[in-house]
Amino acid sequence: MSRMEDVLGPDYEAVEIPLGHDREGAVSATLVSRRGPGPTGRAVLYVHGFVDYFFQTHLADFYVAQGFDFYALDLRKYGRSLRPYQTPNMIDSLSDHFAELDEAVRIIREDHDVLLVNGHSTGGLITALWADRVKGRGLVQGLFLNSPFFDLNESAPNRIAGTGLARALRGIRPQAVLPAGLSPVYVTTIHRDHQGEWDFDLRLKPLEGFPVRAGWLAAVRRGQKRLHAGLAVDVPVLVMCSARTVPAEPAGDGITGSDIVLDVEHIARWSPKVGAHLTLVRIEGALHDVVLSARPARERAFAELSRWIGAHLPAKG
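Sequence order sets the numbering: in each chain, residues are counted from 1 along the sequence as written. The predicted origin of the model limits local features to residues at a pLDDT of at least 70 and limits the giving and counting of side-chain atom pairs to 80 or more, whereas totals for whole chains, interfaces and linings rest on all residues. To obtain the side-chain values, all non-hydrogen atoms of the structure were included, while hydrogens and water were left out.

## A word on the overall build of the protein chain
A tally of regular secondary structure across the protein chain gives 8 helices and 9 strands. The globule rule is 2.2 Å times the number of residues to the power 0.38, and the radius of gyration it is compared with is taken over C-alpha atoms. A compact globule built from 317 residues should have a C-alpha radius of gyration of about 20 Å, and the protein chain, at 18 Å, falls within 12% of that. Taking the principal axes of the C-alpha coordinates as reference, the protein chain spans close to 50 × 45 × 40 Å. Counting all 317 residues of the protein chain, 58% fall into the buried class. Contact between two residues is taken to exist if any of their heavy atoms lie within 4.5 Å; hydrogens are not considered. Contacts in the protein chain between residues at least 24 apart in sequence constitute 75% of all its contacts with a sequence separation of at least 6. We get accessible surface area from the Shrake-Rupley algorithm with a probe of 1.4 Å; when it comes to residues, only the shown protein chains can shield them. In the structure as shown, the protein chain presents an accessible area of about 12900 Å², 52% of it carried by carbon and sulfur atoms. Across the protein chain, the centroid of the 35 positively charged side chains sits 6 Å from that of the 37 negatively charged ones. The secondary structure listing takes helices from DSSP runs of H or I that are at least 4 residues long and strands from runs of E that are at least 2 residues long, numbered from the N terminus. Think of it in three bands: residues with accessible area under 20% of the maximum for their type are buried, residues over 50% are exposed, and the middle band is partly exposed, with areas taken using a 1.4 Å probe on protein chains only. Charged residues are defined here as Lys and Arg on the positive side and Asp and Glu on the negative side; His and the ends of the chain fall outside this count. In this description, the location of a charge corresponds to atom NZ of lysine, CZ of arginine, CG of aspartate or CD of glutamate.

## Remarks on the layout of surface pockets
Within this model, the largest pocket holds a volume of roughly 870 Å³. If you go around the largest pocket, you meet 36 residues; those closest to its centre are E154, G181, L182, V212 and V261. Elements with a contribution of two residues or more to the lining of the largest pocket: α4 (156-170), α5 (185-190) and α6 (214-229). Counting residues per element, the lining of the largest pocket draws most heavily on α4, which supplies 4 residues. Ten residues, namely Ala, Val, Leu, Ile, Met, Phe, Trp, Tyr, Cys and Pro, are considered nonpolar, four, namely Asp, Glu, Lys and Arg, are considered charged, and the remaining ones, Gly among them, are considered polar. Its residues assigned to classes, the lining of the largest pocket comprises 20 nonpolar, 11 polar and 5 charged. Cavity means a closed set of points on a 1 Å grid over the protein atoms alone, one where a 1.4 Å probe fits but cannot get out, pocket means an open set with protein on both sides within 12 Å along at least 5 of 7 lines, and lining means a residue has an atom within 4 Å of a point. Grid points are joined across faces, edges and corners, and a volume is the space filled by probe spheres set on the points.

Structure representation (structure tokens):
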């Protein structure tokens, strides 16, 4: 595989991972890496959420300072991996993403013995399911889930109705756009042109998001059902989320210090289903992506993560 300089600059390399073809054509994922100053045998693999991609260079800075080589995976049809002929973020099954996770981990473990997997939101659900699949193989030594997408942030009747509609359409019209789309409010709380402090490509992570399609939602609900039944991840797991959820209203109270995407009570409820060795931390003032929160909340999050790493992961490979 050929390595090239990533769009983030000379400190970052990118490798394309070919994944064959689907009904829309050739498919690939992108593995971005930033190496630390010296070999430690430890690495972290970051996996983003829905309508997202890796741009959080300060997260890489944190991990490198902790003695990790940093890797991030832009999943197929997301971010760097999205091609003009593809439907953004579309997937038939969350398990389809296991192929790029398997290959990314194979590459990383060529010269690393300790691997921490860090998943955010939908990436948190995907990586939890993947870690359960590979349990017992020694491929991963820890799992950090940042606001994992363990349930829909809807009332019970709406969850039932939305799931039923997605399931009914997935076999006949999987790309059908569902009525409930994403609110643009969350992106305005993090982008520096609005209420946030972060710069990212609004073509890859647009304000209005990408449409929620029946096949994608059906895949998510199958994955969530699997998690709700109970996984058996056999490594230490850290789940981190905000202290509260508030509605995604443009002028709503608390939108810049709460999760306005997921219900954090759902996260707290379902987290014990991941595995037996679980730590749950709720951060006051945190956003949906905890590491994109205002400085006081994200510093608390990084301090908690640093303590957890020190307590649960080997110091070196």
